[in-house]
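# Examination of the molecular architecture
Here's the letter readout for the chains.
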Amino acid sequence: MSQDALAGQAASLIAGFENPDTGHSFADEAQRWIEAAEACVLMRIDQLRLIGGLPRHEPPLSVEERLHRLQRLMHLWAEGCLFAIDESLFADILNRRAGRA
């Protein structure tokens, strides 16, 4: 994924969250948005060279904290701050995904 595509995807995610056009409940809509944003983060993790690793020993984030951090990160990426990372969020996503495998 190119940097322009990443910024565009992040902007689309933010717009979709702020203006949902489905008849689903907020909780259902938030969960779908979280999954889409996490997929975007995972693609970005694959592109980055993270030296020193991630703090994977930290406790898991709550759904509310994860949603807040994802929203903040997507806003940064959409505004062109493509090298912004949230190490705790990245580690949380990787830890939860590893538990599914």
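Here's what I pulled together on the structure shown here.

Parameters at a glance
Residues numbered from 1 in each chain as written. Predicted model: local features only at pLDDT ≥ 70, side-chain atom pairs only at ≥ 80, totals over all residues. Heavy atoms only, no water. Helix = DSSP H or I, 4+ residues; strand = E, 2+ residues; numbered from the N terminus. Buried < 20%, exposed > 50% of the residue type's maximum accessible area, 1.4 Å probe, protein only. Contact = heavy atoms within 4.5 Å. Areas by Shrake-Rupley, 256 points an atom, 1.4 Å probe, with all protein chains shown as cover. Salt bridge = Lys/Arg side-chain N within 4 Å of Asp/Glu carboxyl O.

All right, on to the overall build of the protein chain then. Along the backbone of the protein chain there are four helices and zero strands. Burial analysis of the protein chain (101 residues in total) assigns 36% to the buried set. Residue pairs at least 24 apart in sequence account for 77% of intrachain contacts in the protein chain once pairs closer than 6 positions are excluded. Working note: accessible area of the protein chain is about 6000 Å², and carbon and sulfur atoms make up 53% of it.

We now examine the pattern of salt bridges. Here the structure, examined in full by the defined rule, presents eight salt bridges. One salt bridge connects Arg97 with Glu38, and the closest N-O pair in it is separated by 3.0 Å. Taken as a pair, Arg97 in helix α4 (residues 87–100) and Glu38 in helix α2 (residues 26–47) lie far apart in primary sequence, 59 residues in all. In this structure, Arg72 engages Asp86 in a salt bridge whose closest nitrogen and oxygen atoms are separated by 3.6 Å. Residue Arg72 is found in helix α3 (residues 63–78), and its partner Asp86 is found in the loop between α3 and α4; the two are separated by 14 residues along the sequence. Taking the relative accessible area as the measure of exposure, Arg72 reaches 40% and is therefore partly exposed. Exposure remark for Asp86: the relative accessible area of 10% places this residue in the buried category. One continuous salt-bridge network, built from bridges that share partners, spans Glu38, Arg66, Asp92, Arg96 and Arg97.

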